[in-house]
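# Structure assessment
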Amino acid sequence: MKKKLIVPLIFIAVFSAVFYSFSGTEDGWTKTELCFGLSIPGGGVVTDEEFRAFTDSVISYTFPEGFTIIKSTGGWYDPDIKQTIFEDSRIVIRCSKMDDITSAAIDTIRAKYKRYYSQQSVLRVDQKVNVGF
């Protein structure tokens, strides 16, 4: 009788350990997405080389732990011409333990991009997430 119970218990213990190791998550993290438009008001665009330079000098410096950049197309409604404008854009994604210092650093990235490239805005989206590494 004992042998019949031991095999299923061992199976359950091993399965639980394997499942836990692959599904373990950490809470208290925030995923931040920053959307950078590449069209410059008045004409021109932020080139790939210029965005790479901005990434190397500002984003990488602020996010040394890493981040992801996604090439995208953004759309926004221009009330002056009553038309939706589409432009190439970049979305930068970073997961972090959010605090006041990190939040301020993210806003500094946004402010620098707006100043360097005459942008009206850089969209910031923060979302609470569970992460696993």
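For clarity, every value in this text was computed on a predicted model and none was experimentally measured. (Residues numbered from 1 in each chain as written. Predicted model: local features only at pLDDT ≥ 70, side-chain atom pairs only at ≥ 80, totals over all residues. Heavy atoms only, no water.)

### What to know about the overall build of the protein chain
The cut-off we apply is this: Helix and strand definitions follow DSSP, with helices as H or I runs of at least four residues and strands as E runs of at least two, each counted in order from the N terminus. By definition in these notes, contact holds between two residues if any of their heavy atoms fall within 4.5 Å.
Check the secondary structure of the protein chain and you find three helices and four strands. Reading the protein chain from its N end, one meets helices and strands in the order α-β-α-β-β-α-β. Contacts in the protein chain between residues at least 24 apart in sequence constitute 67% of all its contacts with a sequence separation of at least 6.

### Focus: the pattern of salt bridges
Quick reminder of the rule: When a carboxyl oxygen of Asp or Glu is within 4 Å of a side-chain nitrogen of Lys or Arg, the pair counts as a salt bridge. In this scheme, a residue with accessible area under 20% of its type's maximum is buried, one over 50% is exposed, and one in between is partly exposed, where area comes from a 1.4 Å probe on protein chains only.
All told, the structure shown has seven salt bridges when counted by the stated rule. Across the salt bridge formed by Asp48 and Arg90, the nearest N and O atoms sit 2.9 Å from each other. One end of the pair, Asp48, is in helix α2 (residues 48-62); the other, Arg90, is in strand β3 (residues 83-96), and 42 residues separate them in sequence. Take Asp48: its relative accessible area is 46%, and that puts it in the partly exposed class. Here Arg124 makes a salt bridge to Asp126, at a shortest N to O gap of 2.9 Å.

### Some points on the confidence of the model for the protein chain
Low-pLDDT stretches of the model should not have their predicted coordinates read in fine detail. The following threshold applies: Every residue is assigned a pLDDT by the predictor, reflecting its confidence on a scale from 0 to 100.
This prediction gives the protein chain a mean pLDDT of 86; 81% of its residues lie at or above 70. For residues 7-22, every residue scores under 50 in pLDDT, and the model assigns this stretch zero contacts once sequence neighbours within four places are set aside.

### Concerning α2
To keep things clear, this is the line we draw: Working rule for helices: expected span equals 1.5 Å times residues minus one. One fitted axis covers the seven residues ending at a residue, a second covers the seven starting there, and the bend at that residue is the angle between these axes.
Between its first and last C-alpha atoms α2 spans 20 Å; for 15 residues at 1.5 Å apiece the expected length is 21 Å, and the two agree. Along α2, the sharpest kink reaches roughly 40°, centred on Thr55. Of all the residues in α2, the buried ones are Phe51, Phe54, Thr55, Val58 and Ile59. In the core, the buried residues of α2 are packed alongside β1 (26-37), β2 (68-78), β3 and α3 (100-117).

### Section: the pairing of β2
Where we set the bar: In this scheme, strands are said to pair when DSSP sees at least two bridges between them.
Strand direction decides the pairing type here: β2 and β3, joined by eleven bridges, are antiparallel. In the sheet register, Asp78 faces β3, and the bridge partner there is Gln83. The turn joining β2 and β3, which pair antiparallel and follow one another in sequence, is formed by four residues; a positive phi near 50° is taken by Lys82.

### Regarding the nonpolar core
The test is simple: Nonpolar core, defined: a set of buried Ala, Val, Leu, Ile, Met, Phe, Trp, Tyr and Cys residues in which side-chain atoms within 4.5 Å join the residues together.
Membership of the largest hydrophobic core comes to 15 residues, with the highest contact counts inside it found for Phe36, Phe51, Phe54, Ile59, Ile109 and Tyr113. For this core, the secondary-structure elements that each account for two or more residues are β1, α2 and α3. Excluding its chain neighbours within four sequence positions, the residues that come into contact with Ile109 are Leu34, Phe36, Phe54, Val58, Ile59, Thr62 and Phe63.

### Concerning the side chain of Thr102
Summarising the element assignment, Thr102 is placed in helix α3. Apart from the residues within four sequence positions on either side, Thr102 is in contact with Arg94, Ser96 and Lys97.

### Focus: the sheet that holds strand β4 (residues 123-131)
Quick reminder of the rule: Orientation is described by lines fitted to C-alpha atoms, with helices fitted over the stretch in contact, and by angles between N-to-C directions that extend from 0 to 180 degrees.
Strand order across the open sheet formed by four strands is β2-β3-β1-β4, with antiparallel pairing between neighbours. A strand with exactly one partner marks an edge of an open sheet, and here the two such strands are β2 and β4. In this sheet, neighbouring strand axes are inclined to one another by 30° on average, regardless of whether the strands run parallel or antiparallel. Taken together, the eight bridges between β1 and β3 define a ladder with antiparallel strand orientation. Across the sheet, residue Thr30 finds its bridge partner in β3, namely Ser96. Sheet strands in contact with α2 are β1, β2 and β3, and its direction is about 30° off that of β3.

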